[in-house]
Amino acid sequence: MHNRDTYPTDHKDYDELLEFTYGNFNEIALETPLIDGTNISKRFCKLFPKVASSQIQQLRVSTEDKLMRVIGQNFANMIVPFDFYNELSRTETKEELTLISTKFHLMWDQGYDPDRIPSSHNVDFSQEFKKGYQKLVMPFTNKRIPYSLIEKTKQAFSEFKSRILVFSWAPHIIHPVKTFEYRLQKIAEDYYQDKLTDILTVYPVFSDGVGACMSEWNQVITIKWCDVIQDYIRAIEDSQYQRESELLNVLSEKAVSLEMFMSLSIETALILQNEAEQQYQQSLENKQQTKSSAEQYTPLILWRRGEKNLQSLWKILAENGYIEHKKFHQFLCNHFQLVDKVTDTVKVPLIQKIVWKSSTVNLLEMVEALERFNIISAHSFNRKTSTGRTGRIRNLIHNHFCRPNNKEISLAAIRQAAHRRTPDMKIDYGFNHTVLKSIRSMQ
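Residues numbered from 1 in each chain as written. Predicted model: local features only at pLDDT ≥ 70, side-chain atom pairs only at ≥ 80, totals over all residues. Heavy atoms only, no water.

### Details of the overall build of the protein
Part 1 of the reasoning: Regarding its fold elements, the protein presents 18 helices and eight strands.
Part 2 of the reasoning: Per-residue burial over the protein gives 46% buried out of 443 residues.
Part 3 of the reasoning: Expressed as a percentage of contacts within the protein between residues at least 6 apart in sequence, the contacts between residues at least 24 apart total 73%. (Helix = DSSP H or I, 4+ residues; strand = E, 2+ residues; numbered from the N terminus. Buried < 20%, exposed > 50% of the residue type's maximum accessible area, 1.4 Å probe, protein only. Contact = heavy atoms within 4.5 Å.)

Given below as structure tokens:
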């Protein structure tokens, strides 16, 4: 695996960018670390898919948070560059504030900042480049700033104006311009947090005067690489999660950490793996395998992160009124199979579906997030061999969820919900900050 310096403006999409940066994933050796400074390799993923998936999710989420902070700071720096920051800091009279206010609102009305000039020396920039450089556009996406953000920015500036003339300096008091800058940063962070899927799907267009800010792109490349690794883990057979559980038990009994295990010789490691395999085979023999006609049964949702995490999600959904409250054991047994445990069957008779009381868009967002982080598997929901990832997710929703009064959630309704998800769609912040946030933080 190579880890090259990357220039996003040289590539046309994420796939090309990732292959140039890291190389062809299929050609990376089994023992080669996929993430610098970690034990995560293809071999580690095959032996410990649950642990590896959880660690990759933690890295992805922490990188997302870092990306949000960087984008927020870049947005604030665009609105309040260094010279303007100093100008705001020195404002003391109404006359000065009026001049600054006029300049600020004119900048927004024009859609560009005439005072922004490229700082590179000995470079003769074209007029088109300078015009592009001065445009006020969203960080990373290079798109026009939405009206809602412009209004929030103007509101933050109004609050600054009401404070600056009455401000009296003291060591423990934050200067109004610092508060203004922080508000701008949070405005952008909140916006991008809810649009993250969009910006990680659509490759930006780089026009004249617009380059790639590497403080943003370094985070994005890491996030996209995490997704590639999760895709690899997602394809690992579900039986390996049960083998992983037995292997972890063996290592625990012998006080061998994962780091120690990965540093053992292949011969020594295989001895421990064989011991775990024997325990796994014994557990299979102890279970009565149930064979039934597939037509009478519906696949269970394969849950890959342990019963405790499933119970936590069920509690959040029930307590916030997103599903009808039922006992957790019933919720688990009727709809889920814990893949790290050997069970009697992977199918159950058709039963009462999970009654979903929020929007279909929210349901789709939740199931997609669970599948994206490899917390669930939708592999069992193929209706035909050509069914893709999107189709499997929609089949899962159709099979296991319904509306109050047992009203069916049709595949057509799910497709319509997917089409309604646009960058301008109204965001359900309550759902995002409870359900989706809890999914992001699952270990």
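Back to the text.
### Here we look at the packing of aromatic side chains
Part 1 of the reasoning: A complete count under the given rule lists 27 aromatic pairs for this structure.
Part 2 of the reasoning: Taking the centre distance of 4.0 Å and the plane angle of 15° together, the rings of Phe104 and Phe157 count as stacked. Here Phe104, found in helix 5 (residues 94-110), pairs with Phe157, found in helix 7 (residues 147-164); they are 53 residues apart in sequence, far enough to count as distant. Phe157 shares its class with Phe104; the two are buried.
Part 3 of the reasoning: By way of ring pairs, the aromatic residues Phe84, Phe104, Trp108, Phe157, Phe160 and Phe180 are connected into one cluster.
Part 4 of the reasoning: Taking the ring centre of Phe25 as reference, the NZ or CZ of Lys42 above it sits at 4.7 Å. (Phe/Tyr/Trp six-rings, centres within 6.5 Å; stacked < 30°, edge-to-face > 60°. Lys NZ or Arg CZ within 6 Å of the ring centre and 35° of its normal.)

### Thoughts on the sheet that holds strand 2 (residues 301-303)
Part 1 of the reasoning: The strand order 3-2-6 describes an open sheet built from three strands, whose pairing is mixed. Both edges of this open sheet fall to strand 3 (336-338) and strand 6 (376-377), since each of them pairs with a single strand only.
Part 2 of the reasoning: Two elements, strand 2 and strand 6, share two bridges in a ladder whose sense is antiparallel. Along strand 6, the bridge assignment pairs Trp303 with Ile376. (Pairing = 2+ DSSP bridges.)

### Points about the packing of helix 15 (residues 360-372) against helix 16 (residues 389-400)
Geometry of a packed helix pair, given as the angle between the helix axes and the separation of the axes.
Part 1 of the reasoning: One can describe the packing of helix 15 onto helix 16 by two numbers: an axis separation of 10 Å at closest approach and a directional angle of 125°. Accordingly, the angle class assigned to the pair helix 15 and helix 16 is oblique. Of the two possible hands of crossing, helix 15 and helix 16 adopt the one that is right-handed. Contacts from Leu363, Leu364, Val367, Glu368, Glu371 and Arg372 in helix 15 reach Arg389, Ile393, Leu396 and Ile397 in helix 16. (Axes fitted to C-alpha atoms, helices over the stretch in contact; angles between N-to-C directions. Parallel < 35°, antiparallel > 145°, perpendicular 65-115°, else oblique. Left-handed = near helix turned anticlockwise from the far one by under 90°.)

### Concerning the sheet that holds strand 5 (residues 354-355)
Backbone hydrogen bonds are what pair the strands of a sheet, in a parallel or an antiparallel way.
Part 1 of the reasoning: Spatially, 5-7-8 is the arrangement adopted by the three strands of the open sheet, whose pairing is mixed. Looking at the sheet topology across the chains shown, the edges are occupied by strand 5 and strand 8 (407-408).
Part 2 of the reasoning: Note that strand 7 (residues 401-403) and strand 8 share two bridges and pair antiparallel. Each residue of the ladder has a partner; that of Arg403, found in strand 8, is Lys407.

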